Amino acid sequence: MNKKIKQIINKKNRAKIISLTAYSKNIAQIIDKYVDMTLVGDSMASVLYNYNTTRKISLDTMIEHAKSVRMGVNKSLMVFDMPYNTYKNKKLALFNVKKVLKKTKSEAIKLEGGFKIKEIVKHLVSNNIPVLGHLGIMPQSVRGKFKSKGKTEIERKKILKEAKLLEQLGVFAIVLECIEKSLAKKITNELKIPTIGIGSSANCDGQILVTDDVIGLTNTKIKFVKKYMSISKNIGNAVKRFKQEVQLKKYPNKKYSY
Ligand code: KIV
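Just so we're clear, the structure is a prediction, and the values are computed from it rather than from any experiment.

Caption draft 1: Structural view of the overall build of the chain. For the chain, the count of helices and strands is 10 helices and eight strands. The globule rule puts the C-alpha radius of gyration for 258 residues at 18 Å, and the 20 Å found for the chain is close to it. By principal-axis analysis of the C-alpha atoms, the chain measures approximately 65 × 40 × 40 Å. For the chain, with 258 residues in total, the buried portion stands at 40%.

This is the structure in structure tokens:
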């Protein structure tokens, strides 16, 4: 097993697992020092490309971003989020995953789903592909509004069963997106592999967020997102100063000229 994956699994019940997204080298090299896992997420569909669904991002576009991310990732585990329709059946899944791993040098892949992707996960794991699961809200399957999961008994039982199935199939961890906190706790307690929450309370073994949200590059109002800074304000200020200095002929001065 990959050493970084082993370290992530060993953190369960010892230390929280920290994870963020990256879509470029510049962000990846900043976050890499602090995170256990860097995810090239298909959230780039909405965050970077303004699509109304993650379904619209293509595999080739994501591969180009991942190639850039690879240049900034050193210490953390680089995970590639397989986009919609790239793992419809086991043959296609293995073909696309192999292409991703070869072209991007990612170290693991993420798939959304439980019962429906059972055979695909099984096939990938049996071909030595490290798989990160994803349950709860699964953006590739949502049409319309996102609603948190685990409110009804039927839904709770299904999600718990799916988490156990994924563990049994050999995924190394599971992302739990927008799952009610007592269910997140139950899943986390009943699994030996770690759970990584996004909007699923502190009851998970780790947390993941979209970096662009965390640094205030996006305008998201999602309840679970905490903005730790407003980088867009800083960028705006720098650009304003550049503009003023060019207009006033203060830039470029002697120091910045040949
Ligand atoms: O695409 C993504 O960024 C994700 C998350 C878990 C943040 O899937």
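Caption draft 2: A look at the site of the ligand. Taken together, Thr21, Leu39, Gly41, Asp42, Ser43, Asp81, Val175, Ile198, Ile208 and Val210 are the residues near the ligand. For the shell around the ligand, the per-class residue count stands at five nonpolar, three polar and two charged.

Caption draft 3: Here's a closer look at unusual backbone geometry. Looking along the chain, the bond that leaves tyrosine 251 and enters proline 252 is cis, with omega of -5°. Looking at the element boundaries, proline 252 is found in the segment after helix 10 (231–247). One non-glycine residue, asparagine 85, adopts positive backbone phi at about 70°. As for its placement among the helices and strands, asparagine 85 is situated in the loop between strand 3 (77–81) and helix 5 (90–104). Taking the number of C-beta atoms within 10 Å as the measure of exposure, asparagine 85 has 12 and is therefore exposed. A positive phi angle, near 55°, is found at cysteine 178, a position not held by glycine. On the secondary structure map, cysteine 178 appears in the loop between strand 6 (173–177) and helix 8 (181–190).

Caption draft 4: Up close: the packing of helix 5 against helix 6 (residues 118–126). Close contact between helix 5 and helix 6 brings their axes to 9 Å; oriented N to C, the two are set at 45°. The orientation of helix 5 relative to helix 6 falls into the category oblique. In this structure, helix 5 crosses over helix 6, and the sense of that crossing is right-handed. Of the residues in helix 6, those in contact with Lys90, Ala93, Leu94 and Val97 of helix 5 are Glu119, Ile120, His123 and Leu124.

Caption draft 5: Representation of the pairing of strand 5 (residues 131–136) in the model. Across the six residues of strand 5, six count as buried, placing the element largely inside the fold. Neither face of strand 5 is left uncovered, since the one carrying Val131, Gly133 and Leu135 and the one carrying Leu132, His134 and Gly136 both have all their residues buried. Pairing analysis gives two bridges linking strand 4 (residues 108–110) to strand 5, with the strands arranged parallel. What sits directly across from isoleucine 109, in strand 5, is valine 131. As paired strands, strand 5 and strand 6 are joined by five bridges and run parallel to one another. For glycine 133, the partnering residue across the bridge sits in strand 6 and is isoleucine 174.

Caption draft 6: View of helix 10. With 17 residues, helix 10 should cover 24 Å at 1.5 Å per step; its first-to-last C-alpha distance of 24 Å lies within 8% of that length. Of all 17 residues in helix 10, zero are buried; the element is thus mostly exposed. Backbone geometry just downstream of helix 10 places lysine 249 in the positive-phi region, at approximately 60°.

Caption draft 7: Region of the structure containing the domain arrangement of the chain. Per the domain assignment, the segments making up the chain are domain 1 (3–227) and domain 2 (230–258). Using C-alpha coordinates to define each centre, domain 1 is positioned 39 Å away from domain 2.

Caption draft 8: View of the nonpolar core. Counting residues in each nonpolar core, the largest one holds 60 residues, and the members touching the most others are Val79, Ile109, Val121 and Val171. Other than its neighbours up to four places away in sequence, valine 121 contacts Leu111, Val131, Leu166, Leu169 and Val171.

Caption draft 9: Region of interest: the pairing of strand 3. Counting buried residues in strand 3 gives five out of five residues, a clear majority hidden from the surface. Both faces of strand 3 are covered, namely the face carrying Leu77, Val79 and Asp81 and the face carrying Met78 and Phe80. Inspection of the sheet shows strand 2 (residues 37–40) paired to strand 3 by four bridges, in the parallel sense. In the sheet register, leucine 39 faces strand 3, and the bridge partner there is valine 79.

Caption draft 10: Geometry of the packing of helix 4 (residues 59–70) against helix 5. Between helix 4 and helix 5, whose axes approach to 9 Å, the crossing angle comes to 30°. For the element pair helix 4 and helix 5, the recorded crossing hand is right-handed. Note on element contacts: helix 5 touches helix 4 through Asn96, Val100, Lys103 and Thr104, opposite Leu59, Ile63, Ala66, Lys67 and Arg70. Taken together, the residues of the contact of helix 4 with helix 5 break down into four nonpolar, two polar and three charged.

Cut-offs used in this document
Residues numbered from 1 in each chain as written. Predicted model: local features only at pLDDT ≥ 70, side-chain atom pairs only at ≥ 80, totals over all residues. Helix = DSSP H or I, 4+ residues; strand = E, 2+ residues; numbered from the N terminus. Rg over C-alpha atoms; globule rule 2.2 N^0.38 Å. Buried ≥ 20, exposed ≤ 12 C-beta atoms within 10 Å, placed from the backbone. Near = placed C-beta within 6 Å. Nonpolar A, V, L, I, M, F, W, Y, C, P; charged D, E, K, R; others polar. Axes fitted to C-alpha atoms, helices over the stretch in contact; angles between N-to-C directions. Parallel < 35°, antiparallel > 145°, perpendicular 65-115°, else oblique. Left-handed = near helix turned anticlockwise from the far one by under 90°. Contact = placed C-beta atoms within 7 Å. Pairing = 2+ DSSP bridges. Expected span 1.5 Å × (residues − 1). Domains from an automatic or database assignment. Core = buried A, V, L, I, M, F, W, Y, C linked by C-beta atoms within 7 Å.

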